[in-house]
Amino acid sequence: MAIPLHHWMEDERPWAALAACRDADPDLFFSDGDGEGTAVALRICAGCAVAEECLEWAVMARASFGVWGGTTEQDRRRLLRRSA
């Protein structure tokens with residue numbers, strides 16, 4: 001059973017209340033590979049008012065799976081390598 005993303009709104013991520021994904025199916029953001037779910041998730045992120053905050057959190061938390069802040073796991077790995 002998937003947990004809706006709006007249930008993840010904790011004190012450490014107050015920006016999540018404004019996220020475009022808050023009512024979306026989490027399976028889109030945590031699908032295997034770069035399939036259709038990932039493409040849909042990236043489109044949702046593209047129109048998100050807090051995508052930058054989300055990406056900052058994902059990089060800081062070393063989120064190794066899923067779409068966060070309009071990036072895939074591979075995108076974030078590249079960002080981390082460039083900043084090292």
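Up top you'll find the structure we're talking about.
Residues numbered from 1 in each chain as written. Predicted model: local features only at pLDDT ≥ 70, side-chain atom pairs only at ≥ 80, totals over all residues. Heavy atoms only, no water.

A.B. asks: Any chance you could explain the nonpolar core here in plain terms?
C.D. replies: Side chains of nonpolar character tend, in soluble globular proteins, to be buried together. The biggest cluster of nonpolar side chains holds 17 residues, and the ones touching the most others in it are W15, F29 and W68. The set of elements that each furnish at least two residues to this core consists of α2 (36-46) and α3 (51-60). Top contributing element to this core by residue count: α3, with four residues. (Core = buried A, V, L, I, M, F, W, Y, C linked by side-chain atoms within 4.5 Å. Buried < 20%, exposed > 50% of the residue type's maximum accessible area, 1.4 Å probe, protein only. Helix = DSSP H or I, 4+ residues; strand = E, 2+ residues; numbered from the N terminus.)

A.B. asks: In this structure, what is going on with the packing of aromatic side chains? I would like to understand it.
C.D. replies: Given two aromatic rings, their pairing is described by the distance between the two centres and the angle made by the two planes. Taken as a whole and assessed by the stated rule, the structure comprises three aromatic pairs. Three or more aromatic residues joined by ring pairs make a cluster, and in this case those are F30, W57, F65 and W68. (Phe/Tyr/Trp six-rings, centres within 6.5 Å; stacked < 30°, edge-to-face > 60°.)

A.B. asks: Please clarify how the environment of A51 should be interpreted in this entry.
C.D. replies: Among the structural elements, A51 can be located in helix α3. Assessed through its relative accessible area of 16%, A51 is described here as buried. Taking the C-alpha atoms as reference points, A51 and G70, 19 residues apart in sequence, are found 6.5 Å from one another. The contact partners of A51, leaving out residues within four places of it in the chain, are C45 and G69. (Contact = heavy atoms within 4.5 Å.)

A.B. asks: Explanation requested: α3 in the structure shown.
C.D. replies: All of the buried residues in α3 are A51, C54, W57 and A58. Around the axis of α3, the buried residues are gathered within 125° of arc, so they sit on the same side. Facing away from the buried side of α3, by more than 90 degrees, are the exposed residues E52 and M60. Those residues of α3 that are buried lie in contact with α2 and α4 (73-83). The first or second residue beyond α3 is R62, which carries a positive phi of 55°. (Arc of directions from axis to C-beta.)

A.B. asks: Can you help me understand the state of the cysteines in this one?
C.D. replies: As used here, a disulfide is simply a covalent bond connecting the sulfur atoms of two cysteines. A complete count under the given rule lists zero disulfides for this structure. The thiol of C21 is unpaired, and the distance to the nearest cysteine sulfur, on C48, comes to 6.2 Å. Between C54, a cysteine without a disulfide, and C45, which holds the nearest cysteine sulfur, the sulfur-to-sulfur distance is 6.2 Å. For C54, a relative accessible area of 11% translates into the label buried. (Disulfide = S-S within 2.5 Å.)

A.B. asks: What is the right way to read unusual backbone geometry from this model?
C.D. replies: Only a minority of non-glycine residues have a phi that is not negative, and only a minority of peptide bonds are not trans. Here the phi dihedral of R62 falls at roughly 55°; this positive angle occurs in a residue that is not glycine. With respect to the secondary-structure elements, R62 resides in the loop between α3 and α4. The exposure class of R62 is exposed, given its relative accessible area of 56%.

In short, shape yes, function no, at least from these values alone.
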